[in-house]
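Per-entry structural report
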Amino acid sequence: MTERQYRERERQRRKKKAVKRRRARRKRLLLIGCMGVVLAGAVVLALVAAGKWPASGKNGSLPIAGGVRETAEAQHMWTELPRIGVLCSVCPAGGEWSSYAADNRCASAPAGSYLTAMKAALQSQPEELTGTLKYSVNLSGSGWLDWTENSGESGDSGGDAALEAIRMRLTGDLANYYDILYCVLQNDEWTEWVKNGEEAGASGVGLHVDGVRASVVRKKPGEASWAGEIDPTQPMVAITYDDGPSGTVTPKILDKLEACGGHATFFMVRQQAENRTELIQRMISLGCEPANHTYEHTAMKNLEAPELIAQVERTNQLVVEACGVTPVLMRPVGGNETDAGLAAVGSIGMSAILWSIDTLDWKTRDASSTIQKVRDSVKDGDIILMHDLYDATAEASMTIIDELVARGYQLVTVSELSAYRGGLKPGVSYTKFAP
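Cut-offs and rules
- Residues numbered from 1 in each chain as written.
- Predicted model: local features only at pLDDT ≥ 70, side-chain atom pairs only at ≥ 80, totals over all residues.
- Heavy atoms only, no water.
- Helix = DSSP H or I, 4+ residues; strand = E, 2+ residues; numbered from the N terminus.
- Buried < 20%, exposed > 50% of the residue type's maximum accessible area, 1.4 Å probe, protein only.
- Contact = heavy atoms within 4.5 Å.
- Areas by Shrake-Rupley, 256 points an atom, 1.4 Å probe, with all protein chains shown as cover.
- Lys, Arg positive; Asp, Glu negative; His and termini not counted.
- Salt bridge = Lys/Arg side-chain N within 4 Å of Asp/Glu carboxyl O.
- Polar contact = N/O pair within 3.5 Å; in protein donor to acceptor, adjacent residues only side chain to side chain.
- pLDDT = per-residue confidence, 0-100.
- Phe/Tyr/Trp six-rings, centres within 6.5 Å; stacked < 30°, edge-to-face > 60°.
- Lys NZ or Arg CZ within 6 Å of the ring centre and 35° of its normal.
- Axes fitted to C-alpha atoms, helices over the stretch in contact; angles between N-to-C directions.
- Parallel < 35°, antiparallel > 145°, perpendicular 65-115°, else oblique.
- Left-handed = near helix turned anticlockwise from the far one by under 90°.
- Pairing = 2+ DSSP bridges.

Right, let's get into the overall build of the protein. Helix and strand content of the protein: 12 helices and 22 strands. A buried classification covers 49% of the 435 residues belonging to the protein. If you take every contact in the protein between residues at least 6 apart in sequence, the share linking residues at least 24 apart comes to 71%. Carbon together with sulfur atoms contributes 49% to the accessible area of the protein, which is approximately 18900 Å² in total.

Looking now at the side chain of Asp388. For Asp388, the position within the fold is in the loop between strand 20 (383–387) and helix 11 (391–406). No salt bridge is formed by the buried Asp388, whose closest oppositely charged neighbour, Arg276, lies at an N-O distance of 8.4 Å. A distance of 3.4 Å separates a polar atom in the side chain of Asp388 from the backbone nitrogen of Gly244. If we ignore the near neighbours within four places in the chain, the residues touching Asp388 are Tyr241, Asp242, Asp243, Gly244, Pro245, Ser246, Val249, Thr250, Ile253 and Phe266.

So, on to the pattern of salt bridges. Pairing of side chains with opposite charge becomes possible as their charged atoms draw close. As enumerated under the stated definition, the model contains 15 salt bridges in all. The residue Arg218 makes a salt bridge to Glu229 at a minimum N-O spacing of 2.8 Å. With Arg218 in strand 13 (residues 209–218) and Glu229 in the loop between strand 13 and strand 14 (236–244), the pair connects residues that are 11 residues apart, well separated along the chain.

This part covers the confidence of the model for the protein. Model confidence for the protein is summarised by a mean pLDDT of 87, while 82% of its residues fall at 70 or above. Confidence over residues 26–69 falls short of pLDDT 50; this stretch has 32 contacts with residues more than four positions distant or in other chains.

All right, on to the packing of aromatic side chains then. Each pair of aromatic rings is reported with the distance of its centres and the angle of its planes. Within this structure, the stated rule accounts for four aromatic pairs. Following the ring pairs from residue to residue traces out a cluster consisting of Trp193, Trp226 and Tyr420. It is Lys119 that lies over the ring of Trp97; its NZ or CZ is 4.4 Å from the centre. Above the ring of Trp144, the side-chain terminus of Arg167 is found at 3.9 Å from the ring centroid.

With that settled, the discussion passes to the packing of helix 7 (residues 305–323) against helix 8 (residues 339–346). In the contact formed by helix 7 and helix 8, the axes pass within 9 Å of each other and the chain directions differ by 50°. Regarding the angle of helix 7 to helix 8, the classification is oblique. Helix-helix and strand crossings are classified by hand; for helix 7 and helix 8 the assignment is right-handed. Taking contact as the criterion, the partners of Ala305, Leu308 and Ile309 in helix 7 are, on helix 8, Gly341, Ala344 and Val345.

Counted residue by residue, strand 3 (residues 115–123) has nine buried out of nine residues, so it is predominantly covered. Strand direction decides the pairing type here: strand 1 (residues 85–92) and strand 3, joined by eight bridges, are antiparallel. Paired with Ser89 across the strands is Lys119, a residue of strand 3. Pairing between strand 3 and strand 7 (residues 154–155): two bridges, direction antiparallel. Across the sheet, residue Met118 finds its bridge partner in strand 7, namely Ser154.

So, in structure tokens, the structure goes:
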């Protein structure tokens with residue numbers, strides 16, 4: 001499935017649901033509006049009777065009524081608004097356009113290179129909400145370019161002038177209900193997150209942008225916006241699964257994650273992934289992260305750089321064809337990494353992910369042992385390794401997920417875990433992201 005076919009399928013799916021959704025939302029908003037008016041009137045009368053609020057505002061209006069109603073509606077709208085994603089693609093100097101990276105994922109140039117252009121598009125935008133995503137880049141020697149939108153190129157993919165900074169913003173109804181957050185990889189570090197038209201990166205000082213990361217989030221009244229709607233002030237862990245997806249085990253894990261609103265990262269191999277596109281699509285729909293475990297489950301040390309790159313790119317292509325977005329993470333088979341292998345992975349703009357808790361579920365095939373390993377060891381920032389091939393792992397996951405949530409952990413993807421903890425760089429391996 002090409003990116004264009006994927007977007008067209010998404011558009012048709014949204015169109016079929018749009019009419020039904022609009023009708024239901026109008027009814028709900030009408031009810032909330034009426035309740036807000038009643039509540040506002042009651043509050044005003046009570047305050048006036050107590051002498052704690054003036055009987056009228058300017059021109060005799062009731063100053064509190066609109067605020068109470070708007071707050072009630074805003075709180076309701078946040079819970080009802082669907083999640084929207086932003087897809088980013090980048091072009092490095094002398095290279096080709098990358099496939100689209102999903103919301104809150106790193107779209108990076110190969111290690112040692114820099115970006116000359118970028119493009120972005122919204123994913124799953126409700127048809128009843130007007131507006132679009134616009135973005136602009138500061139191109140070395142040219143300054144800020146005009147705003148573009150809808151997968152249009154910003155920059156110069158055919159030249160060698162570097163991007164120095166970027167800006168992104170939403171328009172129309174989208175700007176009322178959502179924020180767009182973004183940051184860039186510059187001077188070997190990810191910048192702080194900015195939002196809604198602010199400048200990410202430093203222009204005019206001789207630095208270039210090497211990666212882009214963006215996330216569309218729902219505005220929540222009275223609270224800060226965080227990329228991926230993940231609160232970086234709260235503890236989080238990343239559960240990861242290798243060697244799947246399995247037609248029997250993975251659906252059980254996805255069911256559990258959906259029930260608790262959690263996310264996980266799935267490092268997939270060819271023989272499991274190529275005939276299970278519906279599971280990959282479901283991962284994406286639930287906010288999970290598809291990742292790469294090579295094409296033939298071959299150890300990094302047994303592959304020359306061109307062979308390793310070929311295996312990783314073939315699995316990436318399987319995922320792109322299934323869901324329209326590309327993995328940005330790979331896991332070396334057996335955790336055995338080499339300097340040459342990491343350099344090869346970095347040359348295609350990807351990072352390597354290891355783990356801090358190895359459950360050994362593949363060896364014990366015992367749910368109790370797997371549960372105890374996590375229970376005794378887990379800490380904020382850990383990456384947990386399991387395999388979505390075994391019934392015992394599915395059984396263990398049910399308890400592990402419940403216990404982690406009960407302890408107050410946010411269940412996030414590896415990319416989400418890295419978002420506020422230093423980020424990811426091409427060609428570098430990571431075992432955890434401690435606070």
